[in-house]
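Per-entry structural report
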Amino acid sequence: MEAINRDEINLIEILKLIWGRRGVIARFVFVFLMLGLFIAIITPKQFTSFTTFIPQAAEGTSNSRNLGGLAALAGINLGMNSNSSEIPPSLYPKIVSSIEFRSALINSLIKPSGFEREITYADYYEEHVQPDLLSRIKKYTVGLPALLIRSVSQAVKGESELLSPLDSTISIRQLSEKEVAHFERLDTQLGVIVDKLEGFVRLEFVMTDPVLSAQMTKNAEVLLQHEVMRYKSQSTQEQLNYIQKRFEIKREEFENAQMNLANFRDSNQNVTSALALNRLQKLEAEYSLALEVYTELAKQLEQIKFQLNKDTPIFTIIQPVVVPSERTAPNRILILLIYSFIGLFLSVSWILGNQLFDHFKVLWNQKTP
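Keep in mind that what you see is a predicted model, and the values were worked out from it rather than measured.

Moving on: the side chain of Arg102. Within the element layout of this structure, Arg102 appears in helix α5 (residues 99-106). Given the relative accessible area of 15%, Arg102 is considered buried. Reaching out from Arg102, the side chain makes a polar contact with the backbone oxygen of Ser97 at a distance of 3.2 Å. Arg102 has contacts with Val96, Ser97, Phe183, Leu186 and Asp187, leaving out every residue within four places of it along the chain.

Structure follows, in structure tokens:
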């Protein structure tokens, strides 16, 4: 019971202490409120444009079943499986974060307001966009250590490049400093949200200009569909190349069998010899087999060509890209509340810390003679 009362007394004393130093708390909160107001004012507006779609893949068929037994006898094993070339929407974020996709995206064309011609995303940020005040402050305060590390690593990298004898043989792509900067910016601007339950995909892009935000969202949508289509058709294209080669071989065999049969018939007319008849039957059988295999392959070749044009994923657009009319950031009220809370927390911590320090100081003085 005494422990409970002691705790209550201590809590009351703490509250009295905090209330007695309310002026300090008010000054702390005011300073951080002004800091939050400054941050809220200098933070540039952000506009988010988005599109929502459902990936629809064309109905695939197992082409290997269309070949008859004669094609199997010809040694053709397609082993096609249309489902194996499908890209699940859960992999779309991986595609968007790939180097190929981001390289294509930073080279996509946009037309800012007041410009007479289109320029690339990269040129826009390299030549026409100046860093805002908040970005400069972050770069030379919070980002200063990273800036120094990057400078040192570039210097070391330059020396290592001079000493490396294998540069001429390496074919691995190396990103430039500008590309890395663009990619880092894209990571904060481009987002892909996959709803596995409902089956739709949301693609969004954030920029300070609402019109450019919509244009980049459309560019990202077109590029994403192109990449999915390219991957989807890659497997079918490989099968097409294989069947095309087999078709050329079997056509040559068919033409040879046709020529052999025609030559034999021309040189052995009105012959009743059993040996000649046996030879004729053999040539006719070879011709029939070659004809049927050749015909089956010709059909299969046309089917694969048709499938190459048919089996392309289509995005069923639920919400098309529109120019956003309202900003999505910054939330200035939330910024003020956060900075006010930070000021309140730091002021109370400072008051209690000083009180605790004074308490330990008194105890230390009592112990020391």
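There's more to say after this.
Here we come to a nonpolar patch on the surface. Nonpolar side chains collect at one region of the surface, where Leu334, Ile338, Phe341, Ile342, Leu344, Phe345 and Leu346 lie side by side and expose about 630 Å² of accessible area between them. For Leu346, the location among the structural elements is in helix α12 (residues 332-367).

For the structure shown, the criterion picks out nine aromatic pairs. Judged by centre distance (4.9 Å) and plane angle (55°), the ring pair of Tyr121 and Tyr125 falls under tilted. Linking Tyr121 with Tyr125, this pair stays in helix α6 (residues 121-128), spanning four residues, or about one helical turn. Like Tyr125, Tyr121 is buried. Here a set of aromatic residues connected by ring pairs shows up, and it is made of Tyr121, Tyr124, Tyr125 and Phe205.

For strand β5 (residues 200-207), a buried count of six out of eight residues is recorded, marking the element as mostly surrounded by other parts of the structure. For strand β1 (residues 47-56) and β5, the ladder comprises seven bridges, and the chain directions are antiparallel. Along β5, the bridge assignment pairs Ser49 with Phe205. In this structure, strand β4 (residues 190-195) lies alongside β5, joined through six bridges in antiparallel fashion. Residue pairing in the sheet places Gly191 in a bridge with Glu204 of β5. If you look at the hairpin formed by β4 and β5, you'll find four residues sitting between the two strands, and Gly199 has a positive phi there, around 85°.

On to unusual backbone geometry, then. With an omega of 0°, the peptide bond between Ala329 and Pro330 qualifies as cis. Counting through the fold element by element, Pro330 comes out in the loop between β6 (314-319) and α12.

Interaxial distance between α6 and helix α9 (residues 177-189) falls to 11 Å at its minimum, and their mutual angle equals 105°. Considering their axes alone, α6 and α9 lie roughly perpendicular with respect to each other. Here Tyr121, Ala122, Tyr125 and Glu126 of α6 come into contact with α9, specifically with Lys178, His182, Arg185, Leu186 and Gln189. Of the residues assigned to the contact of α6 with α9, the class counts are four nonpolar, two polar and three charged.

Read across the sheet, four strands follow the order β4-β5-β1-β6 without closing on themselves; strand pairing throughout is antiparallel. Edge positions in the sheet fall to β4 and β6, since each has one partner strand and no second. Taken pair by pair, the neighbouring strands of this sheet meet at an average axis angle of 30°, ignoring direction.

Bringing the side chain of Ser103 into the picture now. As for its placement among the helices and strands, Ser103 is situated in helix α5. Using a relative accessible area of 9% as the deciding quantity, one classes Ser103 as buried.

Residues Tyr92, Phe101, Leu105, Leu190, Phe205 and Leu224 are the most contacted members of the largest nonpolar core, which totals 29 residues. Those elements that provide at least two residues to this core are α4 (92-96), α5, α6, α9, β4, β5 and α10 (210-267). By residue number, the principal contributor to this core is α10, which donates six residues. Not counting residues within four places of it along the chain, the set of residues in contact with Leu105 comprises Tyr121, Leu186, Leu190, Phe205, Met216, Asn219, Ala220 and Leu223.

Applying the stated criterion across every chain yields a total of seven salt bridges. Note that Asp187 and Arg102 form a salt bridge whose closest N and O atoms lie 3.2 Å from each other. Residue Asp187 is located in helix α9, and its partner Arg102 is located in helix α5; the two are separated by 85 residues in the primary sequence. In this structure, Glu248 engages Arg251 in a salt bridge whose closest nitrogen and oxygen atoms are separated by 2.4 Å. Residue Glu248 and its partner Arg251 are located together in helix α10, separated by three residues, close to a single helical turn. Residue classification places Glu248 among the partly exposed positions, given a relative accessible area of 32%.

Conventions and cut-offs
- Residue positions within a chain follow its written sequence, with the count starting from 1.
- For a predicted model such as this one, the threshold for reporting local features is a pLDDT of at least 70, and the threshold for listing and counting side-chain atom pairs is 80 or more; totals across whole chains, interfaces and linings nevertheless cover every residue.
- Note that the side-chain values use all heavy atoms of the structure and ignore hydrogens as well as water.
- Only DSSP runs of H or I with at least four residues qualify as helices, and only runs of E with at least two residues qualify as strands; both kinds are numbered from the N terminus onward.
- The cut-offs for exposure are 20% and 50% of the maximum accessible area for each residue type, with area from a 1.4 Å probe on protein chains only; residues under the lower value are buried, those over the upper are exposed, and the others partly exposed.
- Here a polar contact means two N or O atoms within 3.5 Å. Within protein one must be a hydrogen donor candidate and the other an acceptor candidate, and residues neighboring in sequence count only if both atoms are side-chain atoms.
- Contacts are assigned to residue pairs that have any heavy atoms within 4.5 Å of one another.
- Note that patches include only residues with greater than 30% relative accessible area and no salt bridge, and the join distances are 9 Å for like charges and 5 Å for nonpolar side chains (Val, Leu, Ile, Met, Phe, Trp, Tyr).
- To be clear on the numbers: accessible area is Shrake-Rupley with a 1.4 Å probe, and residue cover counts the displayed protein chains and nothing else.
- Salt-bridge detection follows one rule: a side-chain nitrogen of Lys or Arg within 4 Å of a carboxyl oxygen of Asp or Glu.
- Here a Phe, Tyr or Trp ring, Trp counted by its six-membered ring, pairs with any other such ring whose centre lies within 6.5 Å, and the pair is stacked when the planes are under 30 degrees apart, edge-to-face when over 60, and tilted otherwise.
- DSSP calls a pair of strands paired once it identifies at least 2 bridges connecting them.
- Fitted lines through C-alpha atoms give the axes, limited to the stretch in contact for helices. The angle between two N-to-C directions lies from 0 to 180 degrees.
- Angle categories: roughly parallel below 35 degrees, roughly antiparallel above 145, roughly perpendicular from 65 to 115, and oblique for all the rest.
- Under this grouping Gly is polar, as are all residues other than the nonpolar Ala, Val, Leu, Ile, Met, Phe, Trp, Tyr, Cys and Pro and the charged Asp, Glu, Lys and Arg.
- Side-chain atoms within 4.5 Å link the members of a nonpolar core, which is a set of buried Ala, Val, Leu, Ile, Met, Phe, Trp, Tyr and Cys residues.

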